[in-house]
Amino acid sequence: MGTVSLKNICKSFTPGVPVLDDLNLEIKSGELFFLLGPSGCGKSTLMRILSGLTAADSGSISFDGVEVQDLPPEKRQAAMVFQNYALWPHMTVFENVAFGLKIRKLPRKEVQERVMEALEMVHLADCADRKAPQLSGGQQQRVALARALAVDPPLLLLDEPLSNLDARLRDAMREEISAICAKRGFTALYVTHDRQEALSMADRMGVMKDGKIRQIGTPRELYERPADRFCAEFLGDINFIDGTVDNGNFSCSFGTFPVTGEGSGKHTAAIRPERIAFANENEDGFDAELVSGSYLGDCSSWICRAGNADLVVREFAPEERTPGEHVRLKFAPGRLMILE
Amino acid sequence: MKINRIFQYGTMAALVLFLSVFLLLPVFIVIQVGCDWSLIMEVCRSQVYREGLLNSLQIAVVTTLMVAVISVPLALLYDRFDFPGREWCSLAMLLPMILPPFVGALGFQQLLGHYGVFNSILVALGFERVDFLSGNGVFWSVCFIEALHLYPIFYLNIVTALGNIDPALNEAGANLGGNKWQRFFRITLPLMRPGLLAGGSIVLVWSFTEMGTPLMFGFTRVAPVQILNGLNELETNPLPYTLVLIMLIVSALLYLVSRLALGGSSNATPVKGNTSSSSVKLASWKKFLPGAAFVLVSLCAILPHLALLGIAFGKNYYNTILPQGFTLEHFDSALSNVLVLPSIGNSLRYSFLAMLVAVTVGVIVALASVRWKLRGSAALDLLSMLPLAVPGVVVAFGFLGMTVKFSWAAALFDPVENPLWLLAIAYAVRRIPYVVRSVGSGLEQTPEELENAARNFGASAWQVLCRITLPLIVANLLVGGLFAFSFSMLEVSDSLILAQKSEFFPITKALFELSQILGSGPSSASAFGVWAMCFLAVTLIAAGVLLGKRIGSIFKF
């Protein structure tokens, strides 16, 4: 329903310590965009700047091409699901959800319908008459979500909206949110530090660190082609291997492997643990010694020493192995990524 | 956003103007008129005035100590233990607030007078009469009555301070092996210092400048009463201004000393999470002890007023333990006095206006300092707290001086023509701190995110204020308003000084005039006092009903 574009956003709370540092971001209409980053990276600040609750020091924000950075929060039409819910304790659940609709002066009947519809979406229709503080944390979080969905916002801002739900409910709500956003065509910005959430739900996502967005792309692009060491590590476990690149080949202490891309000289290569597999003695691969391992049920995580590198190897449907054992490892050509 | 800021700064400027004209200007005038070296020397040389100041100072110190002895143990009991009737204790502790001390003085004399209740008991038991109220007896009586009126202020502040101490801090102390007393002296006491400071300094200054109680006891050798007595010759002799100035300086010094003694800012961090787990349940008969302590103190506080009931309804209540019969004639004689009925209407009008002004100003000051966080709002906050350290007599004299000095002030509120606005504003100015405290703490306990969320859903600043902020702090607002109202109804020094014409007398001045009539005076004054107390009690109960279940939470300052 709207394109959101942020240009050259800067913000600092103490001079000289930027929270957001010349940040640029474009969110396409109808897209569910995820911002992923460690705590303190500025993602919540960015969200508050979008909603108008915090003013940026400089830069421009536009919704659908209209600049909004000077609009007060109540004129921005960006409904937010607050991280700490911010439910009004003096109102019932129904009144909380109805607030935005009443402010928009909708007829009473429509308010009634839309509130109940939103509450049903989050499975809380039978709690409508209870006061907000009487609900559990997870229920409150869902009310906060319903409150934002009810106003049918052109832009939906979600600040870790599922952080307080138990695992099963969280999975259900993930699907629910994805479905609602797709169905209604909301443009949504979703902030989280849970990479599973981002990878499973995002249309596109950005990884943030120190007030800058380090990389933007689809979940698969980011996971499989991380731009730098930080992005690579933040999205999941990964092995870093030091070596040299020469003529499309990467040489390290346990072998030489073909890689794509140009460049030469010292480089760090990276490979995800689940891309390394155990090989038979006669297969192509390289030798290693099994150092230790932990059994995780559906998989095992092994540490194998190859040359001078300790590699983490994830084996699904794990075999029984003993530390000290000699093993042979392999990975498909092209799975080795050369980092900048 | 910018328009909002301009509006906020504009509002703040208007407030500063209001406080400058009605608080700083009066103080300034007192300083200007009173700061006459020859007059100051005269006061210092005069044995009578020196004695008056010294007596006031002694009353202040003794009263504050008494108050501390009464309230600290009760506050600790309330904080530490879970006992039957706990929820009523906050309410009981508020009782003295509706019992005006200068009316209580009448009842106290009935109890301890030469032909009073205690002496009648002694005689009945075969003992000699004791003259409780001769010699130093009056001094101790004044302190005692004032302490019985002021302990709630101290108590509420300490309970709040204790509530702000995270129980985990104490648990950590216990975990590291500190026993009960070590924990009290090393953890609790240092952390509750802000409460001691806030409560102690208010009580100290208040009792130093209290006029009504000594006046009722006929204890004329205290500075505030001497000031009142000098009022009649004010035009020829500006000496009372100098006395007022000296009282102002001493008050400020008292404030500073208590600040120094109890030390700087709070380092208690607000409690996070659930705190209800911290109170201990007592076993078997022990569980009634804390409640009994509360009952005992409350009983002491209402005893003088019970005696007052005896005088008001009693026949021949003289030299006997109980009245000799029931009569309504004192009410008749009180009502037949021309002062009485108009004074009720006057007080209601003054106090209602005072409440409106105090609440409006208080809410804006609280918003400015807690929410808007404008440049200079800390100074505004400090300015609005100034009345706590500025005695009522100072403000009253300053207002009097203003009407003499400025024609606009004389036109707006001439005390002879009609003191309506004069009294309303004088009452209001001194009640602003209570409203600011009450509303400010409400705002601090209300997460700003709730307001942000409303704005995020499209509510304008005004809608946020009306639909979110004010409803969330309605209890604090009501308490602030009620305190402003009932303190105004009971106000003595402004009333005695500023209401000069009998048709404009408020209740307190009418009461005082009534009690001065020889013979039937004290009993009809008692009857009128009872009426006034009932009226205040009804107001407070009405507030309690209005607030329903939240009655317990409203008294946490």
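In this text the structure is predicted, and so the values were computed from the model without any measurement.

Another point: the overall build of chain B. Across its full length, chain B carries 26 helices and two strands. Per-residue burial over chain B gives 48% buried out of 557 residues. Across chain B, contacts joining residues at least 24 apart in sequence account for 81% of those joining residues at least 6 apart.

What chain A contains, in helices and strands, is eight helices and 20 strands. Looking at chain A as a whole, 38% of its 340 residues qualify as buried. A sequence separation of at least 24 residues applies to 64% of the contacts in chain A between residues at least 6 apart.

A few words on the packing of helix 5 (residues 101-112) of chain B against helix 14 (residues 289-313) of chain B. Residue and element names in this part refer to chain B. It is the contact of helix 5 with helix 14, at a shortest axis distance of 7 Å, that shows an interaxial angle of 80 degrees. For the element pair helix 5 / helix 14, the angle class is roughly perpendicular. Contact residues: V103, G104, L106, G107, F108, Q110 and L111 in helix 5; L303, P304, H305, A307, L308, G310 and I311 in helix 14.

A few words now on the sheet that holds strand 10 (residues 212-217) of chain A. All names here are of chain A. Pairing in this open sheet of six strands is mixed, and the strands run 6-7-8-3-9-10 from one edge to the other. This sheet does not close on itself; its edge strands, each paired only once, are strand 6 (78-81) and strand 10. Sheet twist, expressed as the mean angle between neighbouring strand axes with direction ignored, is 20 degrees. Bridge count between strand 3 (residues 32-36) and strand 9 (residues 204-209): four bridges; the pairing is parallel. Pairing of L36 across the sheet is with V207, part of strand 9. Packing against the sheet, helix 4 (residues 137-150) makes contact with strand 6 and strand 7 (155-159), and its axis sits at approximately 170 degrees to strand 6.

Taken together, the 17 residues of chain B in the interface contact 18 residues of chain A. Every element with two or more residues in the side of chain B that touches chain A is listed here: helix 21 (448-456) and helix 22 (461-472) of chain B. Looking at the side of chain B that touches chain A residue by residue, the classes come out as ten nonpolar, five polar and two charged.

Since there are 3.6 residues in each turn of an α-helix, residues three or four apart along the chain are aligned in direction. The terminal C-alpha atoms of helix 17 (residues 377-389) of chain B, which comprises 13 residues, lie 19 Å apart, in line with the 18 Å expected from a rise of 1.5 Å per residue. Among all positions of helix 17 of chain B, only S377, L380, S384 and P387 of chain B are buried.

On to the sheet that holds strand 15 (residues 277-278) of chain A. All names here are of chain A. Taking strand neighbours across the sheet as the criterion, the five strands line up as 15-19-16-17-18 in an open arrangement whose pairing is antiparallel. A single partner strand is all that each edge strand has here, and the edge strands are strand 15 and strand 18 (309-316). Strand direction decides the pairing type here: strand 15 and strand 19 (residues 326-330), joined by two bridges, are antiparallel. Pairing of F278 across the sheet is with L329, part of strand 19.

Here we take up helix 23 (residues 474-489) of chain B. For helix 23 of chain B, with 16 residues, the first-to-last C-alpha span of 22 Å sits near the 22 Å given by 1.5 Å per residue. The buried count for helix 23 of chain B comes to twelve of 16 residues, which makes it a mostly enclosed element.

Moving on, we come to the packing of helix 17 of chain B against helix 20 (residues 420-445) of chain B. Residue and element names in this part refer to chain B. One way to put it is that helix 17 packs onto helix 20 with a least axis distance of 7 Å and a crossing angle of 120 degrees. One way to sum up the angle between helix 17 and helix 20 is to call them oblique. For the pair helix 17 and helix 20, the crossing hand works out as left-handed. Here S384, M385, P387 and L388 of helix 17 lie close against helix 20, whose contacting residues are V429, R430, I432, P433 and V436. Per-class residue counts for the contact of helix 17 with helix 20 are seven nonpolar, one polar and one charged.

All names here are of chain A. The backbone phi angle of A86 is positive, close to 50 degrees, even though this residue is not glycine. According to the C-beta neighbour criterion, A86 is buried, with 23 such atoms within 10 Å. One non-glycine residue, H123, adopts positive backbone phi at about 60 degrees. Counting through the fold element by element, H123 comes out in the loop between helix 3 (108-121) and helix 4.

Residues and elements named next belong to chain B. Per-residue pLDDT for chain B has a mean of 77; in total, 87% of the residues score no lower than 70. Counting interchain partners and residues more than four positions distant, the pLDDT-below-50 stretch residues 265-277 has ten contacts. Low pLDDT, under 50, characterises residues 549-557; the predicted model gives this stretch 22 contacts beyond four residues in sequence or across chains. Reported confidences for the modelled complex are a pTM of 0.73 and an ipTM of 0.75.

Before going further, it helps to spend a moment on the nonpolar core. Counting 237 residues, the largest nonpolar core has A146, L157 and L189 of chain A together with I158, V244, A358 and A426 of chain B as the members making the most contacts within it. Those residues in contact with A426 of chain B that sit more than four places away from it in its chain are V395, A396, F399, D494 and L498 of chain B. In terms of nonpolar packing, the next biggest core, distinct from the first, is built from 16 residues, F250, C252, A306 and M337 of chain A among them.

This part takes up the pairing of strand 2 (residues 17-27) of chain A. Residue and element names in this part refer to chain A. Sheet topology note: the strand 1 (residues 4-14)/strand 2 ladder contains seven bridges and is antiparallel. Paired with T14 across the two strands is V17, which belongs to strand 2. Linking strand 1 to strand 2, which pair antiparallel, is a turn of two residues; within it G16 sits at a positive phi near 90 degrees.

What follows is about the environment of H305 of chain B. Residue and element names in this part refer to chain B. By the secondary structure assignment, H305 is in helix 14. The class for H305 is buried, based on 25 C-beta atoms found within 10 Å. C-alpha separation for the pair H305 and N476, spaced 171 residues apart in sequence, amounts to 29 Å. In this view, H305 contacts L99, G104, G107 and M533; residues no more than four positions away in its chain are not counted.

So, how was this worked out
- Residues numbered from 1 in each chain as written.
- Chains lettered and ligands numbered in written order.
- Predicted model: local features only at pLDDT ≥ 70, side-chain atom pairs only at ≥ 80, totals over all residues.
- Helix = DSSP H or I, 4+ residues; strand = E, 2+ residues; numbered from the N terminus.
- Buried ≥ 20, exposed ≤ 12 C-beta atoms within 10 Å, placed from the backbone.
- Contact = placed C-beta atoms within 7 Å.
- Axes fitted to C-alpha atoms, helices over the stretch in contact; angles between N-to-C directions.
- Parallel < 35°, antiparallel > 145°, perpendicular 65-115°, else oblique.
- Pairing = 2+ DSSP bridges.
- Nonpolar A, V, L, I, M, F, W, Y, C, P; charged D, E, K, R; others polar.
- Expected span 1.5 Å × (residues − 1).
- Left-handed = near helix turned anticlockwise from the far one by under 90°.
- pLDDT = per-residue confidence, 0-100.
- Core = buried A, V, L, I, M, F, W, Y, C linked by C-beta atoms within 7 Å.

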